[in-house]
Number of protein chains: 2
Amino acid sequence: MLPPSLVTDLCTQFPADRFYTDPVDCYSYAYDNSRKIFPPDAVLFPLTVEEIQSIIKLCNQYNIPLIPRGRGTGTAGGSLPEQGGIALSLERMTKIITVDPANRVIVTEPGVLNQTIQDTAKQHRFFWPPDPSSAAYCTIGGNIATSAGGPHAVKYGTTRDHVLGIKAITGTGDIIKTGCYTTKGVVGYDLTRLLIGSEGTLAIVTEATLKLTALPQTVAGITAHFKDLTSCTSAIVRIMSQPQLPSALEFLDSGALNLIRGHNAGLLPTDSKAMLMIEVDGTAKEIPDAVATILKACQHNDLIEAKQVQDTASLWKARKTLSPLLREVAPKKINEDIVVPVSTLPEFLTKLTQLSQRYQIANVNFGHVGNGNIHVNLLINPDNPEEVKRAEKCLDEIFDLVIQLNGTLSGEHGIGSEKRAFVSKEIDPTTMQLMKDIKKLFDPNNILNPGKLFP
Amino acid sequence: MLPPSLVTDLCTQFPADRFYTDPVDCYSYAYDNSRKIFPPDAVLFPLTVEEIQSIIKLCNQYNIPLIPRGRGTGTAGGSLPEQGGIALSLERMTKIITVDPANRVIVTEPGVLNQTIQDTAKQHRFFWPPDPSSAAYCTIGGNIATSAGGPHAVKYGTTRDHVLGIKAITGTGDIIKTGCYTTKGVVGYDLTRLLIGSEGTLAIVTEATLKLTALPQTVAGITAHFKDLTSCTSAIVRIMSQPQLPSALEFLDSGALNLIRGHNAGLLPTDSKAMLMIEVDGTAKEIPDAVATILKACQHNDLIEAKQVQDTASLWKARKTLSPLLREVAPKKINEDIVVPVSTLPEFLTKLTQLSQRYQIANVNFGHVGNGNIHVNLLINPDNPEEVKRAEKCLDEIFDLVIQLNGTLSGEHGIGSEKRAFVSKEIDPTTMQLMKDIKKLFDPNNILNPGKLFP
């Protein structure tokens, strides 16, 4: 519960439709896609920098956690009010401040949807590369909080590669301005990228300057089906060792394929045990060669078929349904987001299968293999404590394997609360302490999203 | 002078050929391309992480400045021992630790030359995009210190876009490991990019994981000559408003052209007052269209000629000689590195001409206009105090203009000592204080490159 005097203060500053305290209203802001539930004590919907400053000052004064959130599509619990406090919903700060095609820039408030930026950019033959599955619903602010990626990151990189500058308010209520409006700039330390991926623990982003990329003239889709995992992973390694990058390289294992089959009878070959969805983009003239190169790299004795497909939309649609479909198979999924070097994917996926068998945990894997980024899903019944225990042990070994292979625990989801117990596997104590000290600089009273990201 | 007991300590740890104290030996490490002279009290050439740790600990103990340097090609004074102390030359840490084409990665020590990385990558059909004019002589460590760019940054970005991870030693002697080995990763704060561009003020980079890029199959060169500045800048704006980016877009003003004419008679049309050197790259099939698009964007009543050129090498050679040639014209150049949004280039260059006329300061401009990055050179006689004063006033107004146009003071050279007096024009006091606090975290005793980067 918030102190009554704080509620009174906030009531004088915010109209009722931008300040929720009724638990029923607040409940909508209690969860994200991690499916954990932590109701906030209140929800605030600021519209201006000054309002956010005022809220931060009050939270410092009353020592109340402030948990920024976009649209709650994150999967790692990054926007959950675990310790109670105020959910700061940025979803109503939806102004696109500048559309400047001559300088290839859009300046935006944090609550604008990723899709809105795509649509706006497209009018000028540009796009903004980060494209998480949730693009239609997630906000730019949330994308910045996790350095969101998506299928096209293999060619275009993630959010941190496409933000030129940020305006933000630190945990002390100070307004900072980082980066610049141009594609080059080395004046002062790079605080822009320090904020990107910091999951709302350092500052509240109030404005971002986004760098636009040329919309490809032509996109071609290729699918490849394999009789087994090994032939598929060897094709992945061959594709990625070609200098020219595909614009997407998505992998689906047999479990993922079965899920799609259940909803799209006849869409996939019956004997396919592993599938690649591949996209190449560029000018119309270069596409045929690019497609031929990919088809050649797919060749293997255990290839079922590799072919160019005309209707990529239905494939992407099927791919995008995977995450929600997993909910049908098991009451709970432990949804991971690991990355390993591409050349180690064969070893990783083989050992993953062994681990899943040894611990008897159902396991479905798919993801952005061009970056070595696999969404490993452990499917469990949370009401079976023995199974939960086995899954936890299995997960621990998966993370150890990832680190052994010189990989990283999260490619695009972030740490939030879900993965913080494992961060020390990757970050050494000295580097971790430095990160904690940086957090203290930005937010000395630990007001902003307390408890997240760190173990 | 160093305390004798420190010299004794270092003598026991370093052989004489890796520890210079003789002023004659030290003098070679007294300058960089800013042409200022600040002899260090000693020069150390470490070979290992442990040696650097040991040096940092001693410098803390004796409160002695430690100034890291690569090959001293920087232009902003970033590697000068202004306050005396020890020059830490990383030039002998020249191991390439890993060449891993399957994962598109090279791991390297800081003293490896940019050109060596290019040559190594090329064997596997890759390249490393940052390509400063000094590529043949400058080190990867120095490139990281300034987030070095170069002509190809317009398409490929600067150093910060191509480093995946760093090992470094902070000012407290602590070893930190940032980033990862894969192209995606969001575990913890992005300390990699915090270090990139920090000019050796936060930590000494001992190892960097570089992300490789596909070597373009084909490169085509185009030159365009214009009767006046206005027609040239309007062509720049048109070229950059096309979605597809050129791989280089270099501008030379009439002063720069005259310099080249003096050494390459007949190379350039006599009536050219502004020139663009343009490169497009890609597959052989897409090049003709790309060239046609650029040629079309160059059309203007005051265009003299725009044409594809076969021999781009001699042009690049002429372009690369510009910086040294400036030394012939005037005893001193004030060499700036400003960036403005591309659409404001016409206004910027017009007003720059007016300022140069008003203050009667000879002025030669060229640079990477695709990024809006202009090397503004004010040519003066340092023995004429009245001229020096006029130049300083002129420079101050140039920087004000850059900021008014939403630009930045440095695109790729960094701040060092040369530009620190102007940093406050761009960075507000709150953000600056945060940067200073970060410096204190990494280097509480202000041992590493003291006095640089901040006003």
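Just so we're clear, the structure is a prediction, and the values are computed from it rather than from any experiment.

1. Some words on the domain arrangement of chain A
Residues and elements named next belong to chain A. Domain annotation of chain A identifies domain 1 (4-89), domain 2 (96-214), domain 3 (218-320) and domain 4 (326-404). Domain 2 and domain 3 are separated by 30 Å when their C-alpha centres are compared. Interface area for domain 2 against domain 3, summed over the two sides, is near 740 Å², with a carbon-plus-sulfur share of 52%. On the domain 2 side of the interface with domain 3, the three residues burying the most area are Pro151, Val154 and Lys155, jointly 60% of the side's total. Across the contact surface, domain 2 and domain 3 share one salt bridge. With its nearest N and O atoms 2.6 Å apart, the salt bridge here joins Asp281 to Lys155. Our enumeration of links across domain 2 and domain 3 arrives at three residue pairs in polar contact (both at pLDDT 80 or more). Here the residues of the side of domain 2 that touches domain 3 are counted per class, giving four nonpolar, two polar and one charged.

2. Details of the relation of the copies chain A and chain B
Rotating chain A by 180° about the axis while translating it 0.0 Å along that axis superimposes it on chain B, leaving an RMSD of 0.0 Å. Between the two chains, the operation in question is that of a two-fold axis.

3. Here's the deal with the environment of Leu268 of chain A
All names here are of chain A. Turning to its location among the elements, Leu268 is positioned in the loop between α9 (254-263) and β14 (274-282). Residue Leu268 is classed as buried on the basis of its relative accessible area of 9%. Along the primary structure Leu268 and Asn258 are separated by 10 residues, whereas in three dimensions their C-alpha atoms are 9.2 Å apart. Once residues within four sequence positions are removed from consideration, Leu268 is found in contact with His225, Leu257, Ile260, Arg261 and Met275.

4. Quick look at the interface of chain A and chain B
Facing 80 residues of chain A, the contacting portion of chain B comprises 80 residues. A buried area of about 6,800 Å², summed over both sides, lies between chain A and chain B, and 60% of it is on carbon and sulfur atoms. A per-residue breakdown of the area chain A buries against chain B is headed by Lys184, Val186 and Tyr189 of chain A, which together make up 15% of the total. The tally of links between chain A and chain B comes to six salt bridges. Notably, a salt bridge pairs Asp289 of chain A with Lys285 of chain B, separated by 3.2 Å at the nearest N-O pair. Viewed at the interface, chain B and chain A are joined by 26 residue pairs in polar contact (both at pLDDT 80 or more). Counting only elements with at least two residues in the side of chain A that touches chain B, the list comes to β9 (175-179), α7 (191-195), α8 (229-241), α15 (423-426) and α16 (429-442) of chain A. Top element by residues in the side of chain A that touches chain B is α16 of chain A. It accounts for nine residues. A class-by-class count of the residues in the side of chain A that touches chain B yields 33 nonpolar, 31 polar and 16 charged.

Rules of the game
- Residues numbered from 1 in each chain as written.
- Chains lettered and ligands numbered in written order.
- Predicted model: local features only at pLDDT ≥ 70, side-chain atom pairs only at ≥ 80, totals over all residues.
- Heavy atoms only, no water.
- Domains from an automatic or database assignment.
- Buried area = accessible area lost by both parts, 1.4 Å probe.
- Salt bridge = Lys/Arg side-chain N within 4 Å of Asp/Glu carboxyl O.
- Polar contact = N/O pair within 3.5 Å; in protein donor to acceptor, adjacent residues only side chain to side chain.
- Nonpolar A, V, L, I, M, F, W, Y, C, P; charged D, E, K, R; others polar.
- Least-squares fit on C-alpha atoms with pLDDT ≥ 70 in both.
- Helix = DSSP H or I, 4+ residues; strand = E, 2+ residues; numbered from the N terminus.
- Buried < 20%, exposed > 50% of the residue type's maximum accessible area, 1.4 Å probe, protein only.
- Contact = heavy atoms within 4.5 Å.

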